[in-house]
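# Examination of the molecular architecture
The primary structure of each chain is shown beneath.
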There are 2 protein chains.
Amino acid sequence: MKVFKIPEATVMRLSVYSRYLNQLAREGVETVSSGDIAKGTGVSSAQVRKDLAYFGEFGTRGVGYKVDELYNHLIKILGLDREWNVIIVGAGKLGSALALYQGFAERGFKIVTVLDVDPDIIGTKLGNIEVEPLELLEERVREQNITIGVIAVPASAAQEVTDRLVKTGVKAILNFSPRVLKVPREVVLRNVDLSVNLEVLSFNLAFNR
Amino acid sequence: MKVFKIPEATVMRLSVYSRYLNQLAREGVETVSSGDIAKGTGVSSAQVRKDLAYFGEFGTRGVGYKVDELYNHLIKILGLDREWNVIIVGAGKLGSALALYQGFAERGFKIVTVLDVDPDIIGTKLGNIEVEPLELLEERVREQNITIGVIAVPASAAQEVTDRLVKTGVKAILNFSPRVLKVPREVVLRNVDLSVNLEVLSFNLAFNR
DNA sequence: TTATTATAGCTATTTTTTTCACAAAATGTT
DNA sequence: AACATTTTGTGAAAAAAATAGCTATAATAA
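With an unreviewed UniProt entry as reference, chain A is termed Redox-sensing transcriptional repressor Rex, source organism Thermosyntropha lipolytica DSM 11003. Here is the UniProt Function (unreviewed entry) comment for chain A, exactly as written: "Modulates transcription in response to changes in cellular NADH/NAD(+) redox state." According to the UniProt record, the Sequence similarities (unreviewed entry) comment for chain A is "Belongs to the transcriptional regulatory Rex family."

## What to know about the UniProt feature "DNA-binding region" (unreviewed entry) in chain A
Those residues carrying the UniProt feature "DNA-binding region" (unreviewed entry) are residues 16–55 of chain A in this numbering. For residues 16–55 of chain A, the helix share is 70%, the strand share is 5%, and the end-to-end C-alpha distance is 16 Å.

## Regarding the interface of chain A and chain B
Residue-level contacts link 60 residues of chain A with 60 residues of chain B. Together, the buried faces of chain A and chain B total about 5300 Å²; carbon and sulfur atoms form 73% of this surface. Remark: the boundary between chain A and chain B carries 6 salt bridges. Here Glu 199 of chain B makes a salt bridge to Arg 107 of chain A, at a shortest N to O gap of 2.5 Å. Where chain A packs against chain B, one counts 16 residue pairs in polar contact (both at pLDDT 80 or more). For the side of chain A that touches chain B, the secondary-structure elements that each account for two or more residues are helix 1 (8–26), helix 2 (34–41), helix 5 (93–100), helix 6 (102–106), strand 8 (172–175), strand 9 (188–191) and helix 9 (194–206) of chain A.

## Thoughts on the side chain of Thr 41 of chain B
Looking at the secondary structure, you find Thr 41 of chain B in helix 2 (residues 34–41). Here Ile 37 of chain B takes part through its backbone oxygen, which lies 2.8 Å from a polar atom of the side chain of Thr 41 of chain B. If sequence neighbours within four positions are ignored, Thr 41 of chain B has contacts with Val 180 of chain A together with Val 16, Tyr 17 and Tyr 20 of chain B.

## A closer look at the domain arrangement of chain A
By convention, interface size is frequently given as the accessible area that disappears when the constituent parts associate. Segmentation of chain A into domains returns domain 1 (8–77) and domain 2 (84–196). One C-alpha centre belongs to domain 1 of chain A, the other to domain 2 of chain A, and the line joining them spans 31 Å.

## Quick notes on helix 5 of chain A
Because an α-helix packs 3.6 residues into every turn, residues spaced three or four apart end up facing the same way. Here helix 5 of chain A lies mainly inside the structure; 6 of its 8 residues are buried. Listing the buried residues of helix 5 of chain A in full gives Leu 94, Gly 95, Ser 96, Ala 97, Leu 98 and Ala 99 of chain A.

## Regarding the environment of Arg 140 of chain B
All names here are of chain B. Relative to the helices and strands, Arg 140 is located in helix 7 (residues 137–143). Arg 140 gets classed as buried once you look at its relative accessible area, which sits at 13%. Separated by 39 residues in sequence, Arg 140 and Arg 179 place their C-alpha atoms 25 Å apart. Beyond its immediate sequence surroundings of up to four residues, Arg 140 is in contact with Thr 113, Glu 132, Asn 145 and Ile 146.

## Observations concerning the side chain of Thr 168 of chain A
Its location among the elements puts Thr 168 of chain A in helix 8 (residues 155–168). Not counting chain neighbours up to four residues away, the residues in contact with Thr 168 of chain A comprise Leu 137, Glu 138, Val 141 and Arg 142 of chain A.

## Points about the UniProt feature "binding site: NAD(+)" (unreviewed entry) in chain A
Residues and elements named next belong to chain A. Those places that UniProt annotates as "binding site: NAD(+)" (unreviewed entry) correspond, in this numbering, to Gly 90, Ala 91, Gly 92, Lys 93, Leu 94 and Gly 95. Mapped onto the elements, Ala 91 comes out in the loop between strand 3 (84–89) and helix 5. For Ala 91, the residues in contact, after removing those within four places along its chain, are Ser 96, Val 114, Leu 115, Asp 116, Ile 121, Leu 126 and Val 131. As for its placement among the helices and strands, Leu 94 is situated in helix 5. The exposure class of Leu 94 is buried, given its relative accessible area of 15%. Aside from chain neighbours lying at most four places away, what touches Leu 94 is Phe 176 and Leu 194.

## Observations concerning the relation of the copies chain A and chain B
Least-squares fitting of chain A to chain B yields an RMSD of 0.0 Å, with the transformation described by 0.0 Å of translation along the axis and a rotation of 180 degrees. Interpreted geometrically, this transformation is the action of a two-fold axis. Relative to the rotation axis, the C-alpha of Ala 97 of chain A is the closest in chain A, positioned 2.9 Å from it. By residue overlap, the copies meet face to face through one surface: 100% of the interface positions of chain A are interface positions in chain B.

## Regarding the protein's contact with DNA strand D
Close contacts around DNA strand D come from 23 residues, with Lys 50 of chain A together with Ser 34, Arg 49, Gly 59 and Gly 62 of chain B the closest. A share of 65% of the atoms of DNA strand D within 4 Å of the protein falls on sugar and phosphate groups. Arg 49 of chain A is positioned such that a nitrogen or oxygen atom in its side chain is 3.4 Å from a base oxygen of DNA strand D. Interatomic distance of 2.9 Å between a side-chain N/O atom of Tyr 65 of chain B and a phosphate oxygen of DNA strand D. Of all elements in the fold, only helix 3 (45–53) of chain A together with helix 3 (45–53) of chain B reach the threshold of two or more residues within the surface near DNA strand D. Of the residues forming the surface near DNA strand D, the biggest block, 4 residues, is contributed by helix 3 of chain A. Across the surface near DNA strand D, the residue classes break down as 6 nonpolar, 9 polar and 8 charged.

Analysis parameters
Position numbers for residues start from 1 in each chain and track the written sequence from start to end. Whichever chain is written first becomes A and whichever ligand is written first becomes 1, with later ones labelled in order. Whole-chain, interface and lining totals are the exception, using all residues; otherwise, since this is a predicted model, local features are given only for residues with pLDDT of at least 70 and side-chain atom pairs are given and counted only at 80 or more. Water and hydrogen atoms were dropped before computing side-chain values, which therefore reflect all heavy atoms in the structure. UniProt positions are given in the numbering used here, feature names are shortened, and annotations may be inferred rather than shown by experiment. Only DSSP runs of H or I with at least four residues qualify as helices, and only runs of E with at least two residues qualify as strands; both kinds are numbered from the N terminus onward. By definition, residues are in contact when any of their heavy atoms lie within 4.5 Å. Summed over both partners, the accessible surface that disappears when two parts come together, traced with a 1.4 Å probe, is what is meant by buried area. The rule for a salt bridge is simple: a side-chain nitrogen of Lys or Arg has to be within 4 Å of a carboxyl oxygen of Asp or Glu. Nitrogen and oxygen atoms within 3.5 Å of one another constitute a polar contact, given that in protein one can donate a hydrogen and the other can accept it, and given that sequence-neighbouring residues count only through two side-chain atoms. An automatic or database domain assignment provides the domain bounds reported here. Only protein chains enter the accessibility calculation, which uses a 1.4 Å probe. A residue is then buried if its area is under 20% of the maximum for its type, exposed if over 50%, and partly exposed in between. Least-squares superposition of the copies uses the C-alpha atoms of those residues scoring a pLDDT of at least 70 in each of them. Residues are labelled near a given molecule or strand when at least one of their non-hydrogen atoms is within 4 Å of it. We call Asp, Glu, Lys and Arg charged. Ala, Val, Leu, Ile, Met, Phe, Trp, Tyr, Cys and Pro are nonpolar, and the rest, Gly among them, are polar.

Set out below in structure tokens:
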């Protein structure tokens with residue numbers, strides 16, 4: 001059970017496993033084997049066991065895993081056993097879709113603030129959150145104890161917003177803008193570029209088929 | 001210059017490089033080195049050269065790469081030198097954000113049809129596209145020559161919609177639902193799970209820091 | 001009790017991906 | 001023309017990740 005440096009691919013798969021286990025639990029399934037998880041999530045059973053082995057022994061030989069037990073372990077490993085306060089900066093198409101997206105709340109990500117610069121957008125409601133002016137960034141981050149910032153502003157504003165968030169104490173940034181951001185080493189950064197996904201498809205369609 | 005089996009990570013980086021080159025071109029930069037690209041996109045220069053090497057020799061030793069030339073090569077490699085017709089199934093928060101997202105059109109992905117089942121949503125406009133009833137799926141795919149399908153429906157409906165798309169001739173599926181989809185081997189499938197991204201952040205915040 | 005079967009956990013192997021480091025080529029300089 | 005400088009392209013080495021297969025253990029059946 002070495003614990004240093006967990007591959008990111010493993011973390012992503014754990015997230016997928018946990019969602020699958022949640023589904024099984026709702027269906028009333030009580031135990032599950034690595035092979036079942038593999039089948040349900042599209043990986044190999046050896047991979048499932050390997051991924052879990054980074055964190056301990058959760059199963060019983062000859063039997064499998066208890067669904068809720070394993071689920072709870074994964075939730076804990078993923079840090080989802082608490083609430084994270086999230087700010088979304090940018091309430092354009094993407095920002096507002098993210099603000100309204102149910103999936104986040106379900107997993108403990110509480111969107112507490114949404115900011116924008118556009119006077120037409122400020123004051124509108126996204127669910128029960130009102131879009132506020134960008135100037136309030138520092139104030140809201142501090143008073144609401146926000147740890148995660150989502151960047152949904154145009155590329156040109158992304159770095160500046162990021163700097164302000166980091167300076168005010170945000171610990172992790174999820175960047176939806178197509179811009180490489182600089183953050184201090186201790187801040188967790190993750191980039192999501194929606195076009196990249198379509199372009200990988202396009203590549204696969206265009207290339208060697 | 002072996003050409004079989006390009007790593008997916010390479011393809012994703014090519015997409016990022018191409019966007020960076022586009023930016024440079026707009027700024028009037030004419031030549032660029034692998035080191036510059038590396039710095040601008042957050043990878044190593046050796047990585048840049050290795051990635052490009054899968055597809056040929058595009059640079060000049062001692063000099064670097066001509067920005068537009070390399071850009072055009074990448075666009076061609078990524079299959080972005082043509083238009084792809086795209087259908088979005090599901091016009092909820094996510095589906096409509098995707099339909100309205102500018103980034104896709106800019107790269108040659110033309111969203112030609114958006115479908116939903118909800119009578120309250122059908123008939124509404126997303127930009128200049130009207131949301132139509134799901135029943136029209138087969139008809140629209142055929143008459144509009146659609147090759148790429150985006151799944152933005154709830155998990156419970158995802159497989160059925162996918163089957164219908166595939167049956168009607170769609171060649172690639174971008175799946176935003178948290179469900180493992182089955183498609184024939186010749187269909188390109190890519191999953192984007194937005195929650196996974198936040199959960200990777202959460203893991204990194206919770207674990208070893 | 002003793003086999004038999006199923007399956008986790010672990011170790012070894014293979015494969016894939018990244019990094020390193022250097023020869024080759026182009027340009028600029030003395 | 002010779003030399004220095006820059007930077008690509010690439011083979012080799014290293015690192016990382018995935019896969020395969022073996023061993024131990026629990027449950028169950030004989």
